[in-house]
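Secondary and tertiary structure notes
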Amino acid sequence: MQYASIQYSILYNKFIDSEKDFYPYYGYPLENNWTSTSAITGWTSGFFPGIYWNIFEYNSTRETLKHAIDVTKPTSLFANSTSPYNAGFILMSGFGNAYRLLKLKEYLNIIIIGAYSLSKQYSSIVRCLRSVDSQQGYLVYIDNMMNLELLFEVSNQTKDQYLYNIAWQHANRTMYEQFRDNNSTYHVIEYNQINGNVIKKYTVQGYADWSTWSRGQSWAIHGFIIAYRYTQYKPFLDKAIGATNYVLSNLLKINDSIPYWDYDAPYNSTLLYQPKDTSAAAIFASALIELSQYVSISQLKNHYLNISKLIINQLSSSKYMIYGNKKYQLNALLTNGTIGPYPKNPYDVSLSFGDYYLTQAIIRLIKL
């Protein structure tokens, strides 16, 4: 976390120099500059402030608090977005953490507005939130499980059962439709918005429609653990455990705790080089820590915690951290992230969400 404080102090200065219009998305370690978005464009702008809240939680000083507040405030405009598909990612990473730590009503008001904006994307026919504007049909991405935290939290704060019901219905239908028999996940489902039937299941960022995109699997696990946190509905916990077992069996195959960008690509692709995805590992490690708190069998609890520690230790090593290569110039934490699909989109890069979930995982471990 000390290294994170150093790297992100430098990035805070870049944020100020950009007139508060610099929100890192991905970057090549050998280069100086991140590819960035504004506070309200793209889906990743919440992770940048989220990292500062993680740093503040680790080291609560006036400086770390100022950094977190300054970087979070510009993202408030997303709460009123007319395309709020990623409101959970953006607002809960920033304002959600801010409210959890400071309990200021102004922060709660932002996430309340965002939750109602997101709720407009719900279809009672499909029983899911729409993930993206598309002429193809009503598309639901597995990533969307992470947005449910916003609805559940606001329901919890306001006692609005409608928001709770939306989140529950989305998780429940996803549980039945977006998992295969072996608890691997489909990335995208296209629904018929007239009758709610499934039209097709496929991928956008994975290797193939039938394969398992590793970050999507991590989103699913993390999302169902969140759903269980708020509902205590055991099938959600069971699904998270089943999906976790799928990951663990695949990591055992490669004798490594950092997955390839797609769990099936190394065995089917004609490309000899297959990149890892450290962001998928970081998301999974953070999820495992929370999952360990919900299982009643002490051996299983310790098993999940030990695996999360193993992943965090490997991610924090010179093999995957920026400091491990003297040629690396980017101000970041993790390397070897893959956006997907490979090789079409950037790979072996630093990803803002990789850094966010790594720091989240470390904080979660410290707090146990």
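Note: the structure precedes this text.
What follows covers helix α2 (residues 47-58). Taking 1.5 Å of rise per residue, 12 residues should cover 16 Å, and α2 covers 16 Å from first to last C-alpha, within 8% of that figure. Counted residue by residue, α2 has 11 buried out of 12 residues, so it is predominantly covered. All buried positions along α2 are accounted for by Phe 47, Phe 48, Pro 49, Gly 50, Ile 51, Tyr 52, Trp 53, Asn 54, Ile 55, Phe 56 and Glu 57. Tucked inside the fold, the buried residues of α2 contact α1 (2-17), β1 (23-27), α3 (62-72), α4 (87-102) and α13 (352-367).

Okay, empty space enclosed by the protein next. One pass over the structure, following the stated rule, counts 2 cavities of 30 Å³ or more. Lining the largest cavity, in full, are Asn 250, Ile 254, Pro 259, Tyr 260, Asp 262, Tyr 263, Pro 266 and Tyr 267. Within the residue set of the lining of the largest cavity, elements represented by two or more residues are α9 (234-254) and α10 (265-268). Within this model, the second largest cavity holds a volume of roughly 30 Å³. Lining of the second largest cavity is provided by 13 residues; of these, His 187, Thr 203, Ala 208, Ser 211 and Trp 213 occupy positions nearest its centre. Counted by class, the lining of the second largest cavity contains 4 nonpolar, 6 polar and 3 charged residues.

On to the packing of aromatic side chains. Tallied over the entire structure, the rule returns 40 aromatic pairs. When the centroid spacing of 6.2 Å and the interplanar angle of 65° are considered together, the rings of Phe 15 and Phe 48 count as edge-to-face. You can see Phe 15 sitting in helix α1 and its partner Phe 48 sitting in helix α2, a full 33 residues away along the chain. An aromatic cluster is present here, built from Tyr 8, Tyr 12, Phe 15, Phe 22, Tyr 23, Phe 48 and Tyr 52 joined pairwise through their rings. Against the face of Tyr 99 rests Lys 103, its NZ or CZ located 5.5 Å from the ring centre. Sitting over the ring of Tyr 260, Lys 276 keeps its end group 5.0 Å from the ring centre.

This part takes up the packing of helix α7 (residues 161-177) against helix α8 (residues 214-231). Geometry of a packed helix pair, given as the angle between the helix axes and the separation of the axes. Running from amino to carboxyl end, α7 crosses α8 at an angle of 135°, the nearest separation of the two axes being 11 Å. With respect to α8, the element α7 is oriented oblique. Considering how the two elements wind past one another, α7 and α8 form a crossing that is left-handed. Contacts between α7 and α8 involve Tyr 164, Trp 168, Ala 171, Thr 174 and Met 175 from the first element and Phe 224, Ala 227, Tyr 230 and Thr 231 from the second. Along the lines of polarity and charge, the residues of the contact of α7 with α8 split into 7 nonpolar, 2 polar and no charged.

What follows deals with the layout of surface pockets. The space that makes up the largest pocket amounts to roughly 630 Å³. Arg 100, Glu 149, Arg 229, Gln 360 and Arg 364 are the residues nearest the centre of the largest pocket, which is lined by 30 residues in total. Elements with a minimum of two residues in the lining of the largest pocket: α2, α4, α6 (148-158), α8, α11 (278-292) and α13. It is α4 that contributes the most residues to the lining of the largest pocket, 8 residues altogether. Of the residues that constitute the lining of the largest pocket, the class distribution is 13 nonpolar, 8 polar and 9 charged. Considering only enclosed or pocket space, the second largest pocket measures out at about 290 Å³ in volume. Taken together, 17 residues make up the lining of the second largest pocket; nearest its centre are Trp 43, Asn 86, Tyr 141, Asp 143 and Gln 205. Its residues placed into classes, the lining of the second largest pocket shows 9 nonpolar, 6 polar and 2 charged.

Among the nonpolar cores identified, the biggest contains 113 residues, and Tyr 8, Phe 48, Leu 91, Leu 150, Leu 151, Ile 311 and Tyr 357 are the most heavily contacted of them. Leu 150 has contacts with Ala 87, Gly 88, Leu 91, Met 92, Ile 111, Gly 114, Ala 115 and Leu 118, leaving out every residue within four places of it along the chain. Listed in part, the 6 residues of the second largest apolar core include Cys 128, Tyr 138, Val 140 and Ile 189.

Below, the discussion takes up the pattern of salt bridges. Going through the model one piece at a time under the given rule, you end up with 11 salt bridges. In this structure, the salt-bridge partner of Glu 57 is Arg 100, at a minimum N-O distance of 2.9 Å. In this pair, Glu 57 sits in helix α2 while Arg 100 sits in helix α4, placing the two residues 43 residues apart along the sequence. Take Arg 100: its relative accessible area is 34%, and that puts it in the partly exposed class. Put simply, Asp 238 and Lys 234 hold a salt bridge, and the shortest N to O gap is 2.9 Å. With Asp 238 and Lys 234 both in helix α9, this residue pair falls 4 residues apart, about one helical turn. Given a relative accessible area of 38%, Asp 238 falls into the partly exposed group. What you see here is one network of salt bridges that share partners, running through Glu 149, Arg 229, Glu 290 and Arg 364.

Analysis parameters
Residues numbered from 1 in each chain as written. Predicted model: local features only at pLDDT ≥ 70, side-chain atom pairs only at ≥ 80, totals over all residues. Heavy atoms only, no water. Helix = DSSP H or I, 4+ residues; strand = E, 2+ residues; numbered from the N terminus. Expected span 1.5 Å × (residues − 1). Buried < 20%, exposed > 50% of the residue type's maximum accessible area, 1.4 Å probe, protein only. Contact = heavy atoms within 4.5 Å. 1 Å grid on protein atoms, 1.4 Å probe; cavity = no way out; pocket = protein on both sides within 12 Å on 5 of 7 lines; lining within 4 Å. Points joined across faces, edges and corners; volume = space filled by probe spheres on them. Nonpolar A, V, L, I, M, F, W, Y, C, P; charged D, E, K, R; others polar. Phe/Tyr/Trp six-rings, centres within 6.5 Å; stacked < 30°, edge-to-face > 60°. Lys NZ or Arg CZ within 6 Å of the ring centre and 35° of its normal. Axes fitted to C-alpha atoms, helices over the stretch in contact; angles between N-to-C directions. Parallel < 35°, antiparallel > 145°, perpendicular 65-115°, else oblique. Left-handed = near helix turned anticlockwise from the far one by under 90°. Core = buried A, V, L, I, M, F, W, Y, C linked by side-chain atoms within 4.5 Å. Salt bridge = Lys/Arg side-chain N within 4 Å of Asp/Glu carboxyl O.

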